[in-house]
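Next come the chains, spelled out residue by residue.
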Amino acid sequence: MTALRSRVGWLLWPLGIAAVVGHLGLGVLAVVEVARLDWLMSEPYELTAVTVVAGSAVAAIVGALRVAWPAARGTRALRRLLRSAGQPVPASVAAVTGELGIAERVDVVATGEAFAVTHGLLRPRILLSTGLVEALDAAELTAVLVHERHHLARRDPLRLLAAGLLAGYGWYLPLLRWWVQRLALRRELAADRAATARAGVAAVAGALLKLADLPAPAAVAAVNPMGNLPDRIAQLEGQPPVRRPLRGWLLAGATLANLAGLSAAAICCTGLGVAMAGGMT
């Protein structure tokens, strides 16, 4: 089931990109129609349709920027932290990373705040703090590094940013935001399963609880929030994931209603574009 979900997810990405490009193209067309069709102001239905298409395109760009800007700020903050507080990898960390095959992909910063985060898009890396190394025992440190290795191997930062940008672009389609939240949770649970298989349940649970009780820099909290901690603990206890089918159906209904309205406006806008290409002004 997991493999099928993964294949379907990858197939949906090209469709999402095509939808974004098509929507942006319609937004540009709508602006051109307002500028060139003199009679448009006297036709309420056509004017409403063109306004909806143009307005949704502008709102979608703003929504995507609201996701991209904090992500860019977080990345810059992590780079500044690494430049100002970077230090050689401690021997205890080097021993584990060498065994896991990620010795060349791990950086350490000297700070009392405890955190571990996988960052970077094309060539992700793992960033640890000395506060984390001091707070965890050997088994818990192994669990954290295996967890982050899972994120690194699957380029989860890139996946989650792309999904977040898509959801931000389509913020008026509430099902997208729910899907991104579920995707982030699935990636965390998968990494926890990998860590449990290597280090054991006790080590993963201990690391989770210690990290939840210790402060982390704002940049790390933005990249790697702990809001899914109850679900992760429930998985360690062998409990099935919490399902909220009613919420999913409500979000799907709202999304379909918004899509229907936008589709009707897009069809009208496309028809006006065809007529304009034929010489109508």
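Presented here is an overview of the structure given in this document. Please read these numbers as outputs of a predicted model, since none were measured by experiment. Numbering of residues begins from 1 in every chain and follows the order in which that chain's sequence is written. With the structure being a predicted model, the display of local features is reserved for residues of pLDDT at least 70 and the display and counting of side-chain atom pairs for 80 or more, all residues being used for whole-chain, interface and lining totals. For side-chain calculations, the full set of non-hydrogen atoms in the structure is used, while hydrogens and water are omitted.

**Structural notes on the overall build of the protein**
Going by this rule: Numbering of helices and strands runs from the N terminus; a helix is a DSSP stretch of H or I covering at least four residues, while a strand is a stretch of E covering at least two. Every radius of gyration here is taken over C-alpha atoms, with the globule rule written as 2.2 Å times N^0.38, N being the number of residues. Relative accessibility decides the category of a residue: with a 1.4 Å probe and only protein chains considered, values under 20% of the type maximum give buried, values over 50% give exposed, and everything between is partly exposed. Contact between two residues is taken to exist if any of their heavy atoms lie within 4.5 Å; hydrogens are not considered.
When helices and strands are tallied, the protein shows eleven helices and four strands. Computed over its C-alpha atoms, the radius of gyration of the protein comes to 23 Å, more than 25% above the 19 Å expected for a compact globule of 281 residues. Principal-axis analysis of the C-alpha atoms places the extent of the protein at approximately 75 × 45 × 30 Å. Evaluated residue by residue, the protein yields a buried proportion of 38% over its 281 residues. Expressed as a percentage of contacts within the protein between residues at least 6 apart in sequence, the contacts between residues at least 24 apart total 69%.

**What about the nonpolar core?**
Stated formally: In this description, a nonpolar core means a group of buried Ala, Val, Leu, Ile, Met, Phe, Trp, Tyr and Cys residues linked to one another through side-chain atoms lying within 4.5 Å.
Membership of the largest hydrophobic core comes to 27 residues, with the highest contact counts inside it found for Leu 128, Leu 132 and Val 144. Secondary-structure elements contributing two or more residues to this core are α3 (91-100), β2 (106-109), β4 (125-129), α4 (130-135), α5 (138-153), α8 (201-213) and α10 (229-236). The dominant element in this core, judged by the number of residues it contributes, is α5, at six residues. In this structure, Leu 128 is in contact with Val 93, Val 106, Asp 107, Val 108, Val 109, Phe 115, Ala 116 and Leu 145, ignoring residues within four places of it in sequence. Core analysis: the next-biggest nonpolar cluster, separate from the first, contains 14 residues, Val 53, Ala 265, Cys 268 and Met 276 among them.

**A few points about the packing of helix α7 (residues 174-199) against α8**
We count it as follows: Axis lines are fitted through C-alpha atoms, for helices just across the contact stretch, and the angle between N-to-C directions can take any value from 0 to 180 degrees. For this classification, under 35 degrees means roughly parallel, over 145 means roughly antiparallel, 65 to 115 means roughly perpendicular, and everything else is oblique. Under the scheme applied here, ten amino acids are nonpolar (Ala, Val, Leu, Ile, Met, Phe, Trp, Tyr, Cys and Pro), four are charged (Asp, Glu, Lys and Arg), and all others, including Gly, are polar.
Where α7 contacts α8, the axes come no closer than 7 Å and their chain directions differ by 130°. It follows from the interaxial angle that α7 and α8 lie oblique. Here Asp 192, Ala 195, Thr 196 and Ala 199 of α7 come into contact with α8, specifically with Val 201, Ala 203, Val 204 and Leu 208. Partitioning the contact of α7 with α8 into residue classes produces six nonpolar, one polar and one charged.

**Considering the side chain of His 150**
Within the element layout of this structure, His 150 appears in helix α5. His 150 gets classed as buried once you look at its relative accessible area, which sits at 12%. Ignoring anything within four residues of it in the chain, the contact list for His 150 reads Asp 156, Arg 187, Ala 190, Ala 191 and Ala 194.

**Some points on the pattern of salt bridges**
Where we set the bar: A pairing counts as a salt bridge when a side-chain nitrogen of Lys or Arg comes within 4 Å of a carboxyl oxygen of Asp or Glu.
Per the counting criterion, the structure on display carries six salt bridges. For Arg 232, the salt bridge is made with Glu 188, and the minimal N-O distance between the two is 3.4 Å. With Arg 232 in helix α10 and Glu 188 in helix α7, this pair connects stretches of sequence that are 44 residues apart. Grouping residues by exposure puts Arg 232 and Glu 188 together as buried. Close ionic contact of Asp 192 with Arg 232 constitutes a salt bridge, the shortest N to O distance being 2.7 Å. Of this pair, Asp 192 sits in helix α7 while Arg 232 sits in helix α10; the two residues are 40 residues apart in sequence, bridging distant segments of the chain. Both residues of the pair, Asp 192 and Arg 232, belong to the buried class.

Everything listed here is a matter of coordinates, which is why it stays silent on function.
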